[in-house]
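# Results of the structural survey
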Amino acid sequence: MGQGSGRQERSKKLELATSETMQAEADVQNDKEETRETKNRHEQLRLVFGMADLKNKAIGLYNIGQTCCLNSLLQVFLMNTHFTGILRRITVPPSASQKRRSVPYQMLLLLEMMQCGKQKAVSPSALAYCLSEHRVKLFVQYDAAQLLLTLWNLVKRQVTNAELIEKLSDLYTIWVQEYMVCQECSFETKRNSNMITLPLSMLDSRSHLLKTLEQCLQHFFFPEKLTGCNMCFCENCGKKTPFLQSMKLAHLPQTLILHLKRFYLTESSSIQKLCHYLPFPQGLDFNAVLTEEQCQADAGEKASWQYELFAVVAHSGSTDCGHYCAYVRSLTECKWYCFDDSEVCQVLWDDVKCTYGHSDLHWGQTAYLLVYMKKNPQ
Amino acid sequence: MAQWQELQSLANTSLEQVHQLYSSVALPMEVRQCLADWIEDQNWRQAAEPHSSHAQMLFHSLLALLGDHLGSPGLGDEDFMLKHNLRKARRDLQAAFEECPEKFANLVANLLQEEQQILRLAQAGQQGGVAPAPSTPQQSDRQQEIQRRLADFQAALQDADRAFRHLEDAQDMFDFCYKVHYLPGENRTNDPEYIRQMQGLQAKLQKLDRSRKDVLAQMQQLLGRSETLQDFLQQELGAWRERQQSACLGAHVDTSLLQLETWFTALGEGLFQLLQLLRALGDLRHKVTYERDPLQAELPLLETRLRELLTYLLQNAFVVELQPSMPTSSKRPLVLRTASKFSVRARLLVRLHDRSRRLEAKIHIDRKPPEIRGFRKFNILTSNSKTLVAGDSPQDGLVCDFQHLTLKEQKVGGSGKGSKSPGEGPLAVTEELHLITFTLAYAYRGLELELETSTLPVIIISNNNQLSSAWASILWFNMLSTDPKNQQFFVAPPSAPWPRLAEVLSWQFESVAERGLSKEHLHMLAEKLFGSKPSPESTLAWPKFSKDSTSGFSFWAWLDGILGLLQEHLKQLWKDGLILGFVSRKQEKKLLKGKRTGTFLIRFSESTLGGVTCTWVEHPESGSPAFRAVVPYTASELASLALPDIIHDYQLLAEENIPENPLQFLYPDRARDEAFGPYYSQRQAGSLMEKKEYLNQRLIRVSSRQANESRQADEELVAATQDLQTLQLQPSGPGPLQPMPCSPGTLQLVPGGPEPPLALQVGSGVPELLQPGPGAVEPQLVLQLVPEGQGMLQVGPRSLGTLQMLPRSLEMLQPVPGVQEMQQVGPGDQGTLQAEPGAVEPQLVLQLVPEGQGMLQVGPSSLGTLQVLPRSLEMLQPVPGVQGMQQVGPGDQGTLQLGPGTLEPSVALQLIPEGQGTVQVGPGSLEPLQPLLESLEALEPVTEELDMQEFLQSLSEEPEPGSGVLETLQAAELMPSTLEAGDSRLERLSPRPARECQQPWGGTAGPLLGLTRCVPQAAPHSWTTATRSCPRPTTQPCPP
């Protein structure tokens, strides 16, 4: 139950407490006992409040110290019913300290809080505290793509059930085949690799701005010549030779995360943000974007490459200071929500489109992570 | 308005929802009603936080307020029930929520949210319901969305403001407690009371921190939403810019800025409010700050983002409301002429400014001139800065209206007389695009910006004759340029897709004559441009549109000629759809083939610049149908006789028929008079009944055609001489004419090409010479000869030099309609008649009544009336007064020369008859001349111009000046005897339909002025022409 969870730490120092203790352990037990009662009360509340609050599953997360990035990512994870379906099946760690240290478990608790709560926002302090034990510090600005990987790895590592691990991997992992062809002897090496996000460059090989998401994807799968200092050692030739490096798409997961690398290194080697206009579609068909040669998959696999936008993690500000917010389309209601920490509001596709970027607005919101969802999950 | 009041004013269906909402809720409606304002003003959301002391406080405040209310005297006996209910509610609430006030807070928070939801839905529904009402124009989805979002934005702003005030309160409270309780100097760590206070302080700080973060999140969200709103406004503004561009090209679209101004101002106001809130938050930070204060990290970011957004909004809000245009050609803006005045207006759509500061806008031309060789440079001559005026009423807006601006070219190295020498630059003058830019120093609430906006590119010409091609460039640019500031556009102008071009061309017709081009019209144009099979993908290159001239003029020149013709003469006919207009010959045949004989259509000439013609169909008894068309009429002809009148009176002289009007039915099958009746000019019906000195004249058009008729029936002039000899003119052909010699009479026709003078000579004593003008484009003079009675020759154009001749005796007139369309008229003697009708304002009436009691009258009906009454065959030379010369050479064979003034109607006519004749000279408007020549001796030929002037003056000093236009022709006073004769003739004449023989006269657009000089008898006549453009009548004749 939400109201029991956030008791504040009694701190003697006059400074902001870094985290709030949590009595989640006890609450879980209470939860089960109170289930029936809760249900009844839900019914009651439904009558009292109409449908507005309870049906609205979009609950904000308080910013507890530069956690806008974490909050945005959590919303993207927790609004994903495929993910929460897996999360709900995890085995509860036996000891209290293990519980405190388990990221998936804390995520589950947070989810419960959000779903039961009648408040507009809950505090992710327990989870934040848990993460800080895994070297994800509070009061530090993170890069969303980086934090996403960290979160993902922590969750995957701490889920004990092999079947669930498998499912989690299936849910997020992209498989590609990498080809390296020696340009001198045509010696070819091939290997399979996987990734959680497709890091898409915003610039083409001649440093021109790419105009659309589709172009970025095409550019990503476009073969690249490795020459000069990028030459690789060819076993066949026995020396460093120019290589042609290409990637073929083998498998796309249910939840596909695209990472728009909206930054570039200036000559003075400072990182600048790219704010230019880059539209992305609501529906994405990879068969239309990639050519035959760029795919390495059977027809059944390819037929499933129909995606619909599910979430956008948007960044505003510059590279060294900024703010993250998340636009997520509720899978149950099919409505878009914008999550600005504790502020949640229902928005329209037009609001999401505002994250396309604008060359005149350097501080405005720009999409940073795009999460696409397969249209017809098998 | 308060939410609760708004709710109550909703429609029934929504009210039902409210009732449902409250039917099961723990908060009775009475309480809600009773404490509406207070409830709405509290931050229930925040109070709903677990363990919030705020909830406790709110709950007890509510109970206390209820108690106050119950005790207030305002509730009388009639409210007994209400009192009871309130008391019960108070008791119930206390029982239910005493232990958990935060639940109560949550309940109220949700309740308010629910109410808002109902309100929003209802208002959206209302807007949807109101939109179709006639008073409000249809709003697009986007416009409704903007309205809705603006309302949401303002509501959210109020929320944020409220949250800010609560934050302020919380901070003050914390600050107070902190100052009172926190005593770091004393070591009281063992004092449990102190520890408790420190813990309380810590909790308060925690809460303060959360409130701050909450407010910041709210600001973030607000900024995010306003970005979307800004995006919407940007799209609307873009749509407006497009509409303005279309409107410049002649489209009828709404270019009002009112709505946009309201929106921009609302958003601007909201953002400035937000900026103030952010600053106030900054102040809060200065008062209390702590480690990891969220305000410290996030405020600067938020403010930067907000400032950027505001800057962007303001920059876009500065627009050119009225594109530069000259008042003289307001339908063709963006074309400016040096040294001519033009005006332009800029507006700042965000109606916010600091009243204590002047907002000064500056105007510049070509701030960043493009790098094009030979690009002309201009200066704006008048003051280049102006203060933005904000009218007292908010509707006026922030406007700077630049009027009376003029441009002057900067002289570069001696060259530059407006037009550049060839090869000076790659662009012609009419392809050189200039930009006029406004800058505005804007300052408001600490935000200082320089705003800038530019007009659409303008073309600067130095001469009016460049207007047409300049306009073509403007059309092309605005139709095709993707960048509204691309001054290099004509370095490589793109081709125009036909559908777009078609639309723009249609606008031209719409703006000139209120009727666009139909699908059929456009099809014909497309065929003309792209050959037989035009497709929607066809594109037209710029040179092909404006420059290539296989037929002597470019496509645009041709079209613009038609536009000019429409504007001047055919507006109403075109508007009412009587002109089919653009019909190819092939199509024309197809259309007319199935129609009955006499069906005609009106179309624009493809071979003539600005010409319109009629084509009709004839079905001979055998063989395929024949299609005939007259030589196109141009502006100069239509100026004298309107097209409906031409159609009404049109005559065709066919060899085997009596003259008839072949134009019977307007395509497809409308009777001619039914279709054109409303457009006929007023006839003086019934005039024949009255006793009138003169017949009304009327100008008609006649064509004749040969047996082996060509497709095009030529208009001809036929005149006859006394000896029944026939002249025939076929001036329309470019080739040589066929002079038909006839004895004593000579008919000379010099129809105008582009601008040659026209001359008609009738009846010289020498062998006839027929001289058609070489240009012979469209001869359009009508000569009417009505032989009748006692030899009266009347030449009187109704408007443009119609000649009527009434030969002396009936026998002498032998109309031979059958044979080669000739008319024969026998005047009493041999004479030369020379007439020069004016082209532009032809207002000559010529009446000749030679011979015996004969009367020769030359008199235009309104301006420049001539009346010539020679006794016998004297030579008459009426000369318009402007030129003021006249020469009369008496002799056996008289010559009559008429030269009415073109534009200057003060025609004075001098007559010097030799015999006992009466001479009457009646000029039209200005100088009523009434020469009363009692004896022949009194008159002598005047050969000198000056003498003539004196003569004229002397004439004008006669005691009986005519007072008006037509009154001048009061011949009765002057010539009682002649009048009687005339009257009798009139009576005889009147019932008889005039047999007409007509002479088409040439003449095109240029104004013509004929000037007649003395012509010695039987001599080759010399002519002088001059062009006059001043339409003002002159009283004083001035020597040329």
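Residues numbered from 1 in each chain as written. Chains lettered and ligands numbered in written order. Predicted model: local features only at pLDDT ≥ 70, side-chain atom pairs only at ≥ 80, totals over all residues. Heavy atoms only, no water.

## A closer look at the overall build of chain A
- Broken down by element type, chain A carries 13 helices and 18 strands.
- A total of 378 residues make up chain A; the buried ones form 54% of that total.
- Intrachain contacts of chain A at a sequence separation of at least 6 include 66% that bridge at least 24 residues. (Helix = DSSP H or I, 4+ residues; strand = E, 2+ residues; numbered from the N terminus. Buried < 20%, exposed > 50% of the residue type's maximum accessible area, 1.4 Å probe, protein only. Contact = heavy atoms within 4.5 Å.)

## Focus on the overall build of chain B
- From N to C terminus, chain B includes 24 helices and 36 strands.
- Residues counted as buried form 55% of the 1040 residues belonging to chain B.
- Counting only contacts in chain B whose residues sit at least 6 apart along the sequence, the fraction spanning at least 24 positions is 68%.
- Just so you have it, chain B exposes about 43,000 Å², and 51% of that area is on carbon and sulfur atoms. (Areas by Shrake-Rupley, 256 points an atom, 1.4 Å probe, with all protein chains shown as cover.)

## Considering the packing of helix 6 (residues 103–116) of chain A against helix 8 (residues 144–158) of chain A
Residue and element names in this part refer to chain A.
- In contact at an axis separation of 7 Å, helix 6 and helix 8 are set at 105° when each is read in the N-to-C sense. Put simply, helix 6 runs roughly perpendicular to helix 8. Residues Val103, Pro104 and Met107 of helix 6 pack against Leu151, Leu154, Val155 and Gln158 of helix 8.
- In terms of residue class, the contact of helix 6 with helix 8 is built from six nonpolar, one polar and no charged. (Axes fitted to C-alpha atoms, helices over the stretch in contact; angles between N-to-C directions. Parallel < 35°, antiparallel > 145°, perpendicular 65-115°, else oblique. Nonpolar A, V, L, I, M, F, W, Y, C, P; charged D, E, K, R; others polar.)

## Describing the nonpolar core
- The biggest cluster of nonpolar side chains holds 166 residues, and the ones touching the most others in it are B:Trp476 and B:Phe582.
- With 16 residues, the top contributor of residues to this core is helix 10 (residues 192–248) of chain B.
- Residues within four places of B:Phe582 in sequence aside, it is in contact with B:Phe509, B:Leu517, B:Glu520, B:His521, B:Met524, B:Leu525, B:Trp558, B:Leu559, B:Ile562, B:Trp574 and B:Phe604.
- Counting residues in hydrophobic clusters, the runner-up holds 57 residues, among them A:Phe77, A:Leu108, A:Val155 and A:Leu369. (Core = buried A, V, L, I, M, F, W, Y, C linked by side-chain atoms within 4.5 Å.)

## A look at the sheet that holds strand 9 (residues 243–251) of chain A
All names here are of chain A.
- Within the open sheet, the four strands sit side by side as 4-3-9-6. Their pairing is antiparallel. Strands at the two margins of the open sheet, each flanked by one partner only, are strand 4 (188–195) and strand 6 (224–226). Each strand axis lies, on average, 30° off the axis of its neighbour in the sheet, ignoring direction. (Pairing = 2+ DSSP bridges.)

## Looking at the packing of aromatic side chains
- Scanning the model with the defined rule gives 39 aromatic pairs over all chains in all.
- With a centroid separation of 6.5 Å and an interplanar angle of 50°, the aromatic rings of B:Tyr442 and B:Tyr444 are classed as tilted.
- Judged by relative accessible area, B:Tyr442 falls into the buried class, the value being 1%.
- Between B:Phe509 and B:Trp574, the aromatic rings sit 5.4 Å apart at their centres with planes inclined by 40°, giving tilted as the arrangement. Of this pair, B:Phe509 sits in helix 14 (residues 498–513) while B:Trp574 sits in helix 17 (residues 555–575), placing them 65 residues apart in sequence.
- Assessed through its relative accessible area of 0%, B:Phe509 is described here as buried.
- Note on B:Trp574: relative accessible area 0%, which makes it buried.
- Against the face of A:Tyr179 rests A:Lys248, its NZ or CZ located 4.9 Å from the ring centre.
- Positioned above the aromatic ring of B:Phe402 is the side chain of B:Lys386, whose terminal nitrogen or guanidinium carbon lies 5.8 Å from the ring centre. (Phe/Tyr/Trp six-rings, centres within 6.5 Å; stacked < 30°, edge-to-face > 60°. Lys NZ or Arg CZ within 6 Å of the ring centre and 35° of its normal.)

## Examining the confidence of the model for chain B
Residues and elements named next belong to chain B.
- Residue-level pLDDT values for chain B average 67, and 60% of them are 70 or greater.
- In the predicted structure, residues 128–136 sits below a pLDDT of 50 and forms six contacts with residues beyond four places in sequence or in another chain.
- Across residues 684–692 the pLDDT falls below 50, and counting only partners more than four positions away or on other chains, this stretch makes seven contacts in the model.
- Under the prediction, the complex receives an ipTM of 0.82, its pTM being 0.66. (pLDDT = per-residue confidence, 0-100.)

## A short note on the pairing of strand 15 (residues 599–604) of chain B
Residue and element names in this part refer to chain B.
- Here strand 15 lies mainly inside the structure; six of its six residues are buried.
- With two bridges connecting them, strand 15 and strand 20 (residues 665–666) associate as parallel partners. Note on strand 20: the bridge partner recorded for Phe600 is Leu666.
- Across five bridges, strand 15 lies against strand 16 (residues 611–618) in antiparallel orientation. Paired with Phe600 across the strands is Trp616, a residue of strand 16.
- In textbook terms, the turn of a hairpin is the stretch between consecutive antiparallel strands, and for strand 15 and strand 16 this stretch comprises six residues, one of which, Gly610, has a positive phi near 65°.

## Some thoughts on unusual backbone geometry
- A positive phi angle is found at A:Phe139, which is not glycine, with a value near 55°.
- With respect to the helices and strands, the residue A:Phe139 is situated in the loop between helix 7 (125–132) and helix 8.
- In the Ramachandran plot, B:Leu334 falls in the positive-phi region, its phi being about 70° despite a non-glycine side chain.
- Mapped onto the elements, B:Leu334 comes out in the loop between strand 1 (318–325) and strand 2 (335–337).
- According to the relative accessible area criterion, B:Leu334 is buried, its value standing at 0%.

## Observations regarding helix 7 (residues 80–97) of chain B
Residue and element names in this part refer to chain B.
- Between its first and last C-alpha, helix 7 extends 26 Å over 18 residues, near the 26 Å set by a 1.5 Å rise per residue.
- Listing the buried residues of helix 7 in full gives Leu86, Ala89, Leu93 and Phe97. Buried residues of helix 7, seen end-on, are gathered within an arc of 60° and therefore sit on one face of the element. Pointing more than 90 degrees away from the buried face of helix 7 are the exposed residues Phe80, Met81, Arg91 and Ala95. (Expected span 1.5 Å × (residues − 1). Arc of directions from axis to C-beta.)

## Focus on the pattern of salt bridges
- Within the structure shown, the criterion is met by 39 salt bridges over all chains.
- Notably, a salt bridge pairs A:Lys239 with A:Glu184, separated by 3.2 Å at the nearest N-O pair. In this pair, A:Lys239 sits in strand 8 (residues 239–241) while A:Glu184 sits in the loop between strand 3 (174–182) and strand 4, placing the two residues 55 residues apart along the sequence.
- A:Lys239 gets classed as partly exposed once you look at its relative accessible area, which sits at 41%.
- What you see here is one network of salt bridges that share partners, running through A:Asp351, B:Glu145, B:Arg148, B:Arg149, B:Asp152 and B:Arg225. (Salt bridge = Lys/Arg side-chain N within 4 Å of Asp/Glu carboxyl O.)

## Describing the sheet that holds strand 11 (residues 447–454) of chain B
Residue and element names in this part refer to chain B.
- As summarised here, the arrangement of the four strands in space is 6-4-10-11, forming an open sheet in which the pairing is antiparallel. In this open sheet, the two edge strands, each paired with only one partner strand, are strand 6 (385–387) and strand 11. Sheet twist, expressed as the average angle between the axes of neighbouring strands with direction ignored, equals 20°.
- Where strand 10 (residues 436–444) and strand 11 come together, eight bridges link them in antiparallel fashion. Within strand 11, the residue paired with Thr437 across the bridge is Ser454.
- In the packing of helix 12 (residues 294–317) onto the sheet, contacts are made with strand 10 and strand 11, and the angle to strand 11 comes to roughly 35°.

## Brief notes about a nonpolar patch on the surface
- A cluster of nonpolar side chains, A:Phe263, A:Leu265 and A:Ile271, forms an exposed patch at the surface whose accessible area comes to about 280 Å².
- As for its placement among the helices and strands, A:Phe263 is situated in strand 11 (residues 263–265). (Patch = residues over 30% accessible without salt bridge, like charges linked within 9 Å, V, L, I, M, F, W, Y side chains within 5 Å.)

## Some details on the pairing of strand 3 of chain A
Residue and element names in this part refer to chain A.
- Summarising burial for strand 3: seven of the nine residues are buried, a large majority.
- Pairing geometry for strand 3 and strand 4, over eight bridges, is antiparallel. Each bridged residue has a counterpart across the sheet, and for Tyr179 the counterpart in strand 4 is Lys190.
- From the end of strand 3 to the start of strand 4, which pair antiparallel, there are five residues, and Ser186 there has a positive phi angle of about 60°.
- Sheet topology note: the strand 3/strand 9 ladder contains eight bridges and is antiparallel. If you follow Tyr179 over to strand 9, its bridge partner there is Ser246.

## With respect to the confidence of the model for chain A
- When pLDDT is averaged across chain A, the result is 82; 84% of the residues are at 70 or more.
- Note that residues 1–36 of chain A has pLDDT below 50 and, in this model, 64 contacts with residues that lie over four places away or in other chains.

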